[in-house]
Amino acid sequence: MAGQPGRWALIVHGGAKEISPEEEEDNRSGCLQALAAGREVLERGGNALDAVEASIRVLEALPVFNAGLGSALNILGEVEMCAALMDGQTLRIGAVGALMGVRHPVSVARKILPEEPVLLVGDGAFMFARDHHAELCDPRELIVEKRKESLEQLHDTVGAVALDMNGNVAAGTSTGGLTGAMKGRMGDSAIPGCGYYADNHIGGVAISGHGEGIARLAAAAQIMGAIDRDGPESAIAKALGQMSRVGGDADAIAIDRQGRLGWWHNSEHFAVAMTASDTDEPKVWLKKEEELSANG
Ligand code: ASP
(Lines give C-alpha, C1' and ligand atoms only; values in the text may rest on other atoms or scores of the structure.)
Protein backbone atom coordinates (compact mmCIF):
# COMPACT_ATOMS: atom_id res chain seq x y z
CA MET A 1 0.00 0.00 0.00
CA ALA A 2 1.43 3.40 -0.94
CA GLY A 3 1.08 6.47 1.30
CA GLN A 4 -1.67 9.01 0.72
CA PRO A 5 -0.73 11.31 -2.16
CA GLY A 6 0.59 14.62 -0.91
CA ARG A 7 1.29 13.35 2.58
CA TRP A 8 4.68 14.20 4.02
CA ALA A 9 6.33 13.25 7.31
CA LEU A 10 9.54 14.05 9.16
CA ILE A 11 11.26 12.66 12.26
CA VAL A 12 14.58 13.84 13.73
CA HIS A 13 16.62 12.77 16.73
CA GLY A 14 19.41 14.18 18.90
CA GLY A 15 21.05 10.91 19.87
CA ALA A 16 21.04 7.96 22.20
CA LYS A 17 22.25 9.23 25.55
CA GLU A 18 21.47 10.20 29.10
CA ILE A 19 20.22 13.79 29.27
CA SER A 20 20.88 15.73 32.46
CA PRO A 21 18.04 17.95 33.73
CA GLU A 22 20.10 21.07 32.77
CA GLU A 23 20.31 19.90 29.16
CA GLU A 24 16.69 18.86 28.70
CA GLU A 25 15.54 22.20 27.35
CA ASP A 26 18.45 22.48 24.86
CA ASN A 27 17.71 18.99 23.59
CA ARG A 28 14.01 19.68 23.14
CA SER A 29 14.47 23.06 21.51
CA GLY A 30 17.33 21.83 19.31
CA CYS A 31 15.24 18.97 17.97
CA LEU A 32 12.30 21.32 17.36
CA GLN A 33 14.55 23.77 15.49
CA ALA A 34 15.87 20.95 13.34
CA LEU A 35 12.33 19.76 12.70
CA ALA A 36 11.23 23.27 11.67
CA ALA A 37 14.07 23.54 9.13
CA GLY A 38 13.12 20.24 7.48
CA ARG A 39 9.41 20.89 7.70
CA GLU A 40 9.78 24.19 5.88
CA VAL A 41 11.25 22.25 2.93
CA LEU A 42 8.54 19.57 2.91
CA GLU A 43 5.62 22.01 3.30
CA ARG A 44 6.58 23.89 0.18
CA GLY A 45 6.80 20.63 -1.79
CA GLY A 46 10.59 20.24 -1.53
CA ASN A 47 12.26 16.86 -1.54
CA ALA A 48 13.02 14.53 1.32
CA LEU A 49 16.77 14.74 0.78
CA ASP A 50 16.79 18.53 1.18
CA ALA A 51 14.64 18.26 4.29
CA VAL A 52 16.95 15.73 5.94
CA GLU A 53 20.03 17.79 5.12
CA ALA A 54 18.38 20.99 6.43
CA SER A 55 17.41 19.30 9.71
CA ILE A 56 20.81 17.76 10.30
CA ARG A 57 22.63 21.02 9.56
CA VAL A 58 20.72 22.60 12.45
CA LEU A 59 21.75 19.80 14.81
CA GLU A 60 25.37 20.03 13.65
CA ALA A 61 25.44 23.73 14.48
CA LEU A 62 24.21 23.28 18.07
CA PRO A 63 26.87 22.37 20.66
CA VAL A 64 24.47 20.28 22.73
CA PHE A 65 24.61 17.49 20.14
CA ASN A 66 27.52 15.20 19.26
CA ALA A 67 27.75 16.26 15.60
CA GLY A 68 29.62 19.11 13.93
CA LEU A 69 30.20 21.76 16.62
CA GLY A 70 30.34 19.99 19.99
CA SER A 71 31.44 16.63 18.62
CA ALA A 72 33.03 14.04 20.91
CA LEU A 73 36.83 13.99 20.99
CA ASN A 74 38.88 10.99 19.89
CA ILE A 75 41.84 9.63 21.85
CA LEU A 76 44.08 12.41 20.53
CA GLY A 77 41.59 15.08 21.59
CA GLU A 78 40.50 15.71 17.98
CA VAL A 79 37.10 15.99 16.33
CA GLU A 80 36.71 13.36 13.60
CA MET A 81 33.23 13.11 12.14
CA CYS A 82 31.10 10.67 10.16
CA ALA A 83 27.92 11.54 8.26
CA ALA A 84 25.69 10.10 5.56
CA LEU A 85 22.72 10.87 3.36
CA MET A 86 20.72 8.32 1.37
CA ASP A 87 18.16 9.01 -1.33
CA GLY A 88 15.41 6.38 -1.37
CA GLN A 89 14.36 7.24 -4.90
CA THR A 90 17.68 6.54 -6.62
CA LEU A 91 19.36 4.53 -3.83
CA ARG A 92 22.27 6.93 -4.16
CA ILE A 93 24.40 7.43 -1.06
CA GLY A 94 26.91 10.04 0.04
CA ALA A 95 28.91 9.39 3.18
CA VAL A 96 32.05 10.61 4.96
CA GLY A 97 34.14 8.97 7.67
CA ALA A 98 36.78 10.30 10.09
CA LEU A 99 36.52 13.73 8.46
CA MET A 100 38.13 16.76 10.11
CA GLY A 101 37.89 20.50 9.54
CA VAL A 102 34.38 21.00 8.12
CA ARG A 103 31.41 22.61 9.81
CA HIS A 104 28.72 20.48 8.17
CA PRO A 105 29.76 16.92 7.37
CA VAL A 106 26.22 16.13 6.20
CA SER A 107 26.58 18.70 3.42
CA VAL A 108 29.85 17.10 2.30
CA ALA A 109 27.94 13.79 2.19
CA ARG A 110 25.34 15.55 0.05
CA LYS A 111 28.02 16.63 -2.42
CA ILE A 112 29.31 13.04 -2.68
CA LEU A 113 25.82 11.65 -3.34
CA PRO A 114 25.75 12.25 -7.12
CA GLU A 115 29.32 10.96 -7.49
CA GLU A 116 30.41 7.34 -8.01
CA PRO A 117 32.00 6.72 -4.56
CA VAL A 118 29.59 6.00 -1.74
CA LEU A 119 31.97 6.77 1.12
CA LEU A 120 35.11 8.92 1.43
CA VAL A 121 37.23 8.98 4.58
CA GLY A 122 39.96 10.98 6.29
CA ASP A 123 42.22 13.12 4.11
CA GLY A 124 40.42 12.03 0.95
CA ALA A 125 37.12 13.22 2.34
CA PHE A 126 38.70 16.51 3.36
CA MET A 127 40.22 17.03 -0.10
CA PHE A 128 36.83 16.36 -1.67
CA ALA A 129 35.19 18.83 0.74
CA ARG A 130 37.78 21.51 -0.03
CA ASP A 131 37.51 21.00 -3.80
CA HIS A 132 33.72 21.17 -3.65
CA HIS A 133 33.60 24.38 -1.64
CA ALA A 134 32.34 22.90 1.63
CA GLU A 135 32.37 25.12 4.71
CA LEU A 136 35.86 24.47 6.09
CA CYS A 137 37.12 25.47 9.53
CA ASP A 138 40.04 24.98 11.85
CA PRO A 139 39.28 21.55 13.41
CA ARG A 140 39.78 23.09 16.86
CA GLU A 141 36.84 25.43 16.28
CA LEU A 142 34.49 22.44 16.62
CA ILE A 143 35.71 21.61 20.14
CA VAL A 144 33.51 22.83 22.97
CA GLU A 145 34.63 23.02 26.57
CA LYS A 146 32.29 20.37 27.99
CA ARG A 147 33.68 17.69 25.66
CA LYS A 148 37.20 18.32 26.97
CA GLU A 149 35.96 17.60 30.47
CA SER A 150 33.80 14.64 29.57
CA LEU A 151 35.26 11.17 29.85
CA GLU A 152 31.84 9.62 29.51
CA GLN A 153 31.33 7.61 26.32
CA LEU A 154 28.87 9.47 24.15
CA HIS A 155 26.45 7.64 21.91
CA ASP A 156 24.62 10.48 20.35
CA THR A 157 24.75 10.58 16.63
CA VAL A 158 22.01 12.82 15.25
CA GLY A 159 19.72 11.76 12.43
CA ALA A 160 16.64 12.49 10.36
CA VAL A 161 14.26 10.59 8.11
CA ALA A 162 11.75 12.24 5.76
CA LEU A 163 8.98 11.29 3.34
CA ASP A 164 8.09 14.03 0.88
CA MET A 165 4.85 14.83 -0.98
CA ASN A 166 6.02 12.82 -3.97
CA GLY A 167 6.62 9.65 -1.98
CA ASN A 168 10.40 10.03 -1.82
CA VAL A 169 12.15 8.88 1.33
CA ALA A 170 15.57 10.03 2.59
CA ALA A 171 17.62 9.25 5.68
CA GLY A 172 20.72 10.90 7.16
CA THR A 173 23.11 10.72 10.09
CA SER A 174 25.92 12.86 11.52
CA THR A 175 28.22 12.17 14.45
CA GLY A 176 31.46 12.94 16.24
CA GLY A 177 31.57 9.23 17.11
CA LEU A 178 32.56 7.84 20.48
CA THR A 179 34.60 9.72 23.07
CA GLY A 180 38.19 8.47 23.23
CA ALA A 181 37.88 6.39 20.06
CA MET A 182 41.01 5.36 18.14
CA LYS A 183 42.05 7.77 15.42
CA GLY A 184 40.45 6.73 12.15
CA ARG A 185 37.73 4.70 13.88
CA MET A 186 34.40 4.63 12.07
CA GLY A 187 31.25 3.25 13.64
CA ASP A 188 27.94 2.54 11.94
CA SER A 189 26.88 6.07 11.07
CA ALA A 190 28.53 6.28 7.65
CA ILE A 191 27.85 2.66 6.66
CA PRO A 192 24.66 1.92 4.71
CA GLY A 193 22.60 -0.92 6.13
CA CYS A 194 24.20 -0.37 9.53
CA GLY A 195 23.48 3.18 10.78
CA TYR A 196 20.91 4.19 8.14
CA TYR A 197 19.09 3.22 4.95
CA ALA A 198 16.37 4.61 2.68
CA ASP A 199 14.35 3.03 -0.12
CA ASN A 200 11.14 4.52 -1.51
CA HIS A 201 9.72 1.00 -1.83
CA ILE A 202 10.15 0.36 1.90
CA GLY A 203 10.90 3.45 4.02
CA GLY A 204 13.87 4.92 5.83
CA VAL A 205 15.72 4.52 9.12
CA ALA A 206 18.45 6.34 11.08
CA ILE A 207 20.16 4.81 14.11
CA SER A 208 22.22 6.09 17.04
CA GLY A 209 24.21 4.22 19.63
CA HIS A 210 27.17 1.92 19.98
CA GLY A 211 28.46 1.79 16.43
CA GLU A 212 30.38 -1.46 16.61
CA GLY A 213 27.37 -3.38 17.90
CA ILE A 214 25.02 -1.72 15.41
CA ALA A 215 27.38 -2.61 12.56
CA ARG A 216 27.75 -6.18 13.69
CA LEU A 217 23.97 -6.58 13.62
CA ALA A 218 23.60 -4.71 10.30
CA ALA A 219 20.76 -3.11 12.25
CA ALA A 220 19.40 -0.77 9.57
CA ALA A 221 19.19 -3.67 7.12
CA GLN A 222 17.28 -5.73 9.66
CA ILE A 223 14.82 -2.91 10.30
CA MET A 224 14.27 -2.33 6.59
CA GLY A 225 13.58 -6.04 6.13
CA ALA A 226 10.88 -6.05 8.79
CA ILE A 227 9.23 -2.65 8.42
CA ASP A 228 6.53 -3.65 5.93
CA ARG A 229 5.40 -6.60 7.98
CA ASP A 230 5.82 -5.23 11.50
CA GLY A 231 5.49 -1.44 11.11
CA PRO A 232 8.36 0.94 11.97
CA GLU A 233 8.24 0.77 15.73
CA SER A 234 8.11 -3.00 16.15
CA ALA A 235 10.68 -3.46 13.42
CA ILE A 236 13.08 -1.17 15.31
CA ALA A 237 12.33 -2.74 18.69
CA LYS A 238 12.94 -6.27 17.38
CA ALA A 239 16.20 -5.42 15.62
CA LEU A 240 17.65 -3.31 18.41
CA GLY A 241 16.41 -5.75 21.03
CA GLN A 242 19.28 -7.90 19.78
CA MET A 243 21.88 -5.39 21.02
CA SER A 244 22.17 -7.60 24.10
CA ARG A 245 23.97 -10.11 21.83
CA VAL A 246 26.72 -7.61 20.95
CA GLY A 247 26.63 -5.11 23.83
CA GLY A 248 25.82 -1.41 24.02
CA ASP A 249 22.79 0.80 23.48
CA ALA A 250 21.06 1.58 20.22
CA ASP A 251 18.08 3.75 19.33
CA ALA A 252 16.39 4.48 16.01
CA ILE A 253 13.79 6.50 14.13
CA ALA A 254 11.98 5.31 11.00
CA ILE A 255 9.25 6.16 8.51
CA ASP A 256 7.70 3.56 6.24
CA ARG A 257 6.53 4.18 2.67
CA GLN A 258 2.98 4.73 3.93
CA GLY A 259 4.23 7.57 6.10
CA ARG A 260 3.93 5.73 9.42
CA LEU A 261 6.45 7.08 11.94
CA GLY A 262 8.17 5.03 14.61
CA TRP A 263 10.93 5.30 17.20
CA TRP A 264 12.29 3.17 19.98
CA HIS A 265 15.29 3.32 22.29
CA ASN A 266 17.20 1.31 24.83
CA SER A 267 19.41 4.18 26.06
CA GLU A 268 18.09 6.15 29.02
CA HIS A 269 16.99 9.07 26.82
CA PHE A 270 16.49 9.65 23.11
CA ALA A 271 15.46 13.17 22.06
CA VAL A 272 13.05 12.87 19.14
CA ALA A 273 10.84 15.37 17.32
CA MET A 274 8.30 14.55 14.63
CA THR A 275 5.66 16.08 12.46
CA ALA A 276 3.58 15.21 9.41
CA SER A 277 1.26 16.99 6.99
CA ASP A 278 -1.80 15.63 8.81
CA THR A 279 -0.76 16.30 12.42
CA ASP A 280 -1.55 19.54 14.25
CA GLU A 281 1.53 20.29 16.27
CA PRO A 282 5.11 19.07 16.12
CA LYS A 283 5.85 16.68 18.96
CA VAL A 284 9.10 16.41 20.92
CA TRP A 285 9.99 13.74 23.47
CA LEU A 286 13.07 12.87 25.51
CA LYS A 287 12.01 9.27 26.16
CA LYS A 288 9.34 6.84 25.00
CA GLU A 289 7.56 6.93 28.35
CA GLU A 290 6.77 10.63 27.84
CA GLU A 291 4.99 9.87 24.59
CA LEU A 292 3.15 6.89 26.02
CA SER A 293 1.90 8.83 29.04
CA ALA A 294 0.88 11.82 26.87
CA ASN A 295 -1.14 9.49 24.64
CA GLY A 296 -2.81 7.95 27.68
N1 ASP B 1 26.84 5.52 16.30
C2 ASP B 1 27.94 6.41 16.58
C3 ASP B 1 29.23 5.72 16.37
O4 ASP B 1 29.37 4.60 16.82
C5 ASP B 1 27.95 6.90 17.96
C6 ASP B 1 26.77 7.63 18.36
O7 ASP B 1 25.63 7.27 18.08
O8 ASP B 1 27.01 8.62 19.02
O9 ASP B 1 30.12 6.35 15.82
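Numbering of residues starts from 1 in each chain and follows the order in which that chain's sequence is written. Thresholds applied to this predicted model are a pLDDT of at least 70 for local features of residues and 80 or more for the giving and counting of side-chain atom pairs; totals over whole chains, interfaces and linings are not thresholded and use all residues. Side-chain calculation: all heavy atoms of the structure are included, whereas hydrogens and water are not.

Draft legend 1. Representation of the site of the ligand. Throughout, the term near means that a residue has one or more heavy atoms lying within 4 Å of the molecule or strand in question. By nearness alone, 14 residues border the ligand, and Asp156, Thr157, Arg185, Asp188 and Gly209 come closest of all. In this structure, an oxygen atom belonging to the ligand sits 2.6 Å away from a side-chain N or O atom of Thr157. Whenever two N or O atoms come within 3.5 Å, that pair is a polar contact, provided that in protein one can donate a hydrogen and the other can accept it, and provided that, for residues adjacent in sequence, both atoms are side-chain atoms. With respect to the ligand, the side chain of Ser189 contributes an N or O atom lying 3.3 Å from a nitrogen atom. Each accessible area is a Shrake-Rupley result for a 1.4 Å probe, and residues are judged covered by the shown protein chains and nothing else. Protein burial of the ligand: of its 270 Å² of free accessible surface, 100% is covered by the chains. Throughout, the ten residues Ala, Val, Leu, Ile, Met, Phe, Trp, Tyr, Cys and Pro are labelled nonpolar, Asp, Glu, Lys and Arg are labelled charged, and all others, Gly among them, are labelled polar. In the shell around the ligand, the residues fall into one nonpolar, ten polar and three charged.

Draft legend 2. A look at the sheet that holds strand β8 (residues 203-209). In this description, strands pair whenever DSSP reports at least two bridges between them. To qualify as a helix, a DSSP run of H or I must reach at least 4 residues; to qualify as a strand, a run of E must reach at least 2; elements of each kind are numbered from the N terminus. A sheet is described by the order of its strands in space; here four strands give the open sequence β7-β8-β9-β10, paired in antiparallel fashion. Either end of the sheet is taken by a strand with one partner, and the two such strands are β7 (196-199) and β10 (261-265). Strand-to-strand twist of the sheet, defined as the mean angle between neighbouring strand axes without regard to direction, takes the value 10 degrees. Sheet topology places β8 next to strand β9 (residues 250-256); seven bridges connect them, and they run antiparallel. Whenever a helix is involved, its axis is fitted only over the stretch in contact; in every case the axis is a line through C-alpha atoms, and angles between N-to-C directions fall within 0 to 180 degrees.

Draft legend 3. Quick peek at the nonpolar core. Side-chain atoms within 4.5 Å link the members of a nonpolar core, which is a set of buried Ala, Val, Leu, Ile, Met, Phe, Trp, Tyr and Cys residues. We call a residue buried when its accessible area falls under 20% of the maximum for its residue type, exposed when it is over 50%, and partly exposed in between, using a 1.4 Å probe and counting protein chains only. Counting residues in each nonpolar core, the largest one holds 31 residues, and the members touching the most others are Val12, Cys31, Val52 and Ala162. Listed by contribution, the elements that provide at least two residues to this core are β1 (9-17), α1 (24-43), α2 (48-61), β5 (158-163) and β11 (269-276). With eight residues, α2 is the single largest residue contributor to this core. Residues count as neighbours in contact if any of their non-hydrogen atoms are within 4.5 Å of one another. Here Val12 is in contact with Cys31, Ala34, Leu35, Ser55, Gly159, Ala160, Ile253, Ala271, Val272 and Ala273, once residues within four sequence places are set aside. By size, the runner-up hydrophobic cluster in this structure holds 23 residues, among which are Ala171, Tyr196, Phe270 and Val272.

Draft legend 4. Fine view of helix α4 (residues 122-131). Buried within α4 we find Gly122, Ala125, Phe128 and Ala129. Each buried residue of α4 lies within a common arc of 125 degrees when the element is viewed along its axis, so the set occupies one face. Turning to α4, the residues buried within the fold contact β3 (92-99), α3 (105-112) and β4 (119-121). His133 sits one or two residues past α4 and shows a positive phi near 60 degrees. Directions from the helix axis toward the C-beta atoms define the arc.

Draft legend 5. Here's a closer look at the pattern of salt bridges. Salt bridges, as used here, are contacts in which a Lys or Arg side-chain nitrogen is within 4 Å of a carboxyl oxygen on Asp or Glu. Within the structure shown, the criterion is met by 21 salt bridges. Two residues, Arg28 and Glu290, come together in a salt bridge whose shortest N-O distance is 2.9 Å. One end of the pair, Arg28, is in helix α1; the other, Glu290, is in helix α10 (residues 288-294), and 262 residues separate them in sequence. Across the pair Glu212 and Arg185 runs a salt bridge, and its minimum N-O distance is 2.8 Å. Taken together, the positions of Glu212 in helix α6 (residues 211-217) and Arg185 in the loop between β6 (169-175) and β7 put the pair 27 residues apart, joining distant regions of the chain.

Draft legend 6. Representation of the packing of α2 against α3 in the model. Contact geometry of α2 with α3 gives a least axis separation of 8 Å together with a crossing angle of 155 degrees. Taken together, the axis directions place α2 and α3 in an arrangement best described as roughly antiparallel. Mapping the contact onto sequence places Leu49, Asp50, Glu53, Ile56, Arg57 and Glu60 in α2 and Pro105, Val106, Ser107 and Arg110 in α3. For classification purposes, an angle smaller than 35 degrees is called roughly parallel, one larger than 145 roughly antiparallel, one from 65 to 115 roughly perpendicular, and anything else oblique.

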